[in-house]
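If you want the building blocks of each chain, they are given just below.
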Amino acid sequence: MSALGQTAPQPRWYKGNTHTHTWWSDGDTPPEAVAAWYKEHGYNFLVLSDHNVLSDVEKWLPIKGGPRAEAAVRYERQFGPDWVEKRVRDGVTEYRLKTLTEFRPLFEEAGKFLMIQGEEISDAYNKLPVHVNGVNLKTLIPPQGGATMLETMQNNLDAVYEQSARTGQPMFPHLNHPNFHWANPVEDIMRLRGQQMVEVHNGHPQVNNYGDADRPSAERIWDICLARRLGDLKLPVMWGLATDDAHNYLTWEPAKSNPGRGWIVVRSKYLTPQHIVQAVQRGDFYASTGVELEDVRFAENVLELRIRPREGVSYKTEFIGTLADFRAFKPPATQPWDRTNPAIGKVLAARDGLNPSYRLTGKELYVRAKVISSAPKENPYKPGDVEVAWTQPVTPAGAVEAASR
């Protein structure tokens, strides 16, 4: 019983997005309209992650035409003159951007919808982007820089860890869209110290989720990192996220960076920033582009899923992993070993139906599940995409029991 004499709630699933943009940086829509979209579409929490800014300062945005002018008309219609603040300077209409503190009361509801403060720390090394999202920050983190790509990534991640340790507030960083401009090589990502998270699906049309003939997909990057971190580098498991990285809320098509393309679903007793962050840190979540899971459980070396059915939709689950002997593969000398090794991230088993499971033998470094549905993804990242979900990796004999609580 709780201190109030009431039974503590049971854990439940909360849907949320940790990566999206507004007028505070390069989004085409004001933050209140963005928050309204996510709440109206069934999300439970939202992180506004604008580039190198927190929405806690005074800012006026000049609107000179284009999509933002259309968004401004919608903004005034949706929220009205008692809310919208604007002025004219030198013939240009400027809108005052509301801070998170000001607009969050319009949307937050206990147990239903939560706003979490965030930032996309946007750095670069040798003119190549290094973007790290900090979730549940207290204060702004400027780009940290570095002498190498690996050092630049690590410095920005460490800045989030440092702020969390200094303030006592739970936070987490995640590395964004590793294939954006082909900037973040897997050979560096795998060596990042500390608990790490990487986007394995990002809805922005320019992030090269699926790789190409010479470079691995974001999901393949995840598997290479898991194999090398667990098998060679003795570093912790890396969690995988899906986000939409939305910038465009006015025109809807695959060529635009629209909301609703990817999210995470977190298991927690309470919908608070602390509880959501802590659940993500321990890996108690899955990533999705549309597939819903009723349960994910790992106990006694069995990874088991229960998929929420939809009429007319079929499901295949691939249990993907890497065995401890993955180094036995010998590729041709001309091929990059990690990127082409078929023993890394192989399908260990495939199951049809709504209740797939896989028993680990003890030979695996890790196993994760990917649920592939027959349902086409609405407004997909790429035409032809279907709805999928990814669970977090587990390891034999209790090393990572992300979903056993």
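Note that the structure is a prediction, hence the values are computed from the model and not measured.

**Q** I'd like to hear about the pairing of strand 9 (residues 196-202), residue by residue, with values.
**A** Most of strand 9 sits out of view: seven of its seven residues are buried. Bridge count between strand 9 and strand 10 (residues 238-243): six bridges; the pairing is parallel. Pairing of M197 across the sheet is with W239, part of strand 10. Traced from strand 9 through helix 6 (residues 218-233) to strand 10, the parallel crossover comes out right-handed.

**Q** Run through the pattern of salt bridges, naming residues and quoting values.
**A** Inspection of the entire model under this criterion finds 27 salt bridges. Between E108 and R104 there is a salt bridge whose closest N-O contact spans 3.3 Å. By relative accessible area, E108 is classed as partly exposed at 29%. A single network of salt bridges, built from pairs that share partners, joins R267, R282, D284, E292, E294, D295, R297, R306 and R308.

**Q** So, the packing of helix 1 (residues 31-40) against helix 2 (residues 67-79): which residues are in play, and what are the values?
**A** Interaxial distance between helix 1 and helix 2 falls to 10 Å at its minimum, and their mutual angle equals 70°. With respect to their mutual orientation, helix 1 and helix 2 come out roughly perpendicular. Where helix 1 crosses over helix 2, the handedness of that crossing is left-handed. On helix 2, the residues that touch E32, A33 and A36 of helix 1 are Y75, Q78 and F79. Of the residues assigned to the contact of helix 1 with helix 2, the class counts are four nonpolar, one polar and one charged.

**Q** Break down helix 6 for me, citing the residues and quoting the values.
**A** With 13 of 16 residues buried, helix 6 lies mostly within the body of the structure. Directly beyond the C-terminal end of helix 6, a positive phi value near 55° is found at K234.

**Q** Go over the sheet that holds strand 4 (residues 86-89) with me, naming the residues and quoting the values.
**A** Pairing in this open sheet of three strands is antiparallel, and the strands run 3-5-4 from one edge to the other. The two strands at the open ends of the sheet, each matched to only one other strand, are strand 3 (60-63) and strand 4. Strand after strand, the sheet turns through a mean of 35° between neighbouring axes, direction not considered. Bridge count between strand 4 and strand 5 (residues 92-96): four bridges; the pairing is antiparallel. Residue R87 lies in a different strand from strand 5, and its bridge partner there is E94.

**Q** Which residues make up the sheet that holds strand 14 (residues 302-307), and what are the values?
**A** Spatially, the three strands line up as an open sheet ordered 13-14-17, and their pairing is antiparallel. One side of each edge strand has no neighbouring strand; the edge strands of this open sheet are strand 13 (293-299) and strand 17 (357-359). Strand-to-strand twist of the sheet, defined as the mean angle between neighbouring strand axes without regard to direction, takes the value 5°. Where strand 13 lies against strand 14, six bridges are found, and the strand directions are antiparallel. Within strand 14, the position partnered with V296 by the bridge is L305.

So, how was this worked out
- Residues numbered from 1 in each chain as written.
- Predicted model: local features only at pLDDT ≥ 70, side-chain atom pairs only at ≥ 80, totals over all residues.
- Heavy atoms only, no water.
- Buried < 20%, exposed > 50% of the residue type's maximum accessible area, 1.4 Å probe, protein only.
- Helix = DSSP H or I, 4+ residues; strand = E, 2+ residues; numbered from the N terminus.
- Pairing = 2+ DSSP bridges.
- Right-handed = clockwise from strand over helix to strand, strands pointing away.
- Salt bridge = Lys/Arg side-chain N within 4 Å of Asp/Glu carboxyl O.
- Axes fitted to C-alpha atoms, helices over the stretch in contact; angles between N-to-C directions.
- Parallel < 35°, antiparallel > 145°, perpendicular 65-115°, else oblique.
- Left-handed = near helix turned anticlockwise from the far one by under 90°.
- Contact = heavy atoms within 4.5 Å.
- Nonpolar A, V, L, I, M, F, W, Y, C, P; charged D, E, K, R; others polar.

Bear in mind that shape data such as this cannot, by itself, settle questions of function.
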